[in-house]
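# Inside the fold
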Amino acid sequence: PKMVMLNGCVGSRASNEQADPQSRYWNEVQQKLDAAGVTAKQVQALWIKEVIPGAVGFPDKARELAKNITATLNNVHDKFPNVKVAYLASRTYGGWTELGGSPEPGAYETGFAVKWVVTGQIAGKPELNYDAAKGAVRSPWIEWGPYFWTDGVKGRKDGLVYLREDVREDGL
């Protein structure tokens, strides 16, 4: 009868930290759960959006991100035993990002990493299995999350644009 929404985002944590089950990221998430008065066993749905800051080099960096997302999903399975679904989203437009962030074209290319992870689960990759009838469960069920990317002021056919004033002072 009661749902708790919790923002598990920890700023300045790259995908490799979420991929590492021993990283400080997971302790920080646990602190957020504790502060909200909920347990890891209560977590059932997640929205995951990860990046490799400053990623340059397609397709290698997108493949690295897909590997990190997969490892994160494995961690999610291990740390939240009742998680049912993870919605994956790619990065928003990074054309306004300043030094140290996730600029273009790397921001756009995160969409490929998400696509490869989702299609990997559909294809039955064991490291993304969510169905006990098909073997060891290593991941929650994956679903496409929102797609926020658009080409800055050029926008998309649905009218979504990102103007400089739409983002923080650091471009994120």
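In this report, we go over the structure that sits alongside the text.

### Re the nonpolar core
Counting 27 residues, the largest nonpolar core has Ile69, Leu73, Phe80, Leu88 and Val117 as the members making the most contacts within it. Elements that contribute at least two residues to this core include exactly helix H2 (24-36), strand E1 (45-49), helix H3 (60-79), strand E2 (85-89) and helix H4 (106-122). Element by element, the count of residues in this core is highest for H3, at five residues. Non-local contacts of Ile69, meaning those with residues more than four positions away in its chain, are made with Glu50, Leu88, Ala113, Val114 and Val117.

### Things to note about H4
Its 17 residues give H4 an end-to-end C-alpha distance of 25 Å, which sits within 8% of 24 Å, the value for a rise of 1.5 Å per residue. Among all positions of H4, only Gly106, Ala107, Glu109, Thr110, Gly111, Ala113, Val114, Val117, Val118, Gly120 and Gln121 are buried.

### Here's the deal with the pattern of salt bridges
The full count for this structure, using the stated rule, is eight salt bridges. Arg24 is paired through a salt bridge with Glu17; the nearest N and O atoms lie 3.2 Å apart. With relative accessibility at 47%, the residue Arg24 sits in the partly exposed group. In this structure Glu17 comes out as buried when scored by relative accessible area, which is 16%.

Definitions and cut-offs
Residues numbered from 1 in each chain as written. Predicted model: local features only at pLDDT ≥ 70, side-chain atom pairs only at ≥ 80, totals over all residues. Heavy atoms only, no water. Core = buried A, V, L, I, M, F, W, Y, C linked by side-chain atoms within 4.5 Å. Buried < 20%, exposed > 50% of the residue type's maximum accessible area, 1.4 Å probe, protein only. Helix = DSSP H or I, 4+ residues; strand = E, 2+ residues; numbered from the N terminus. Contact = heavy atoms within 4.5 Å. Expected span 1.5 Å × (residues − 1). Salt bridge = Lys/Arg side-chain N within 4 Å of Asp/Glu carboxyl O.

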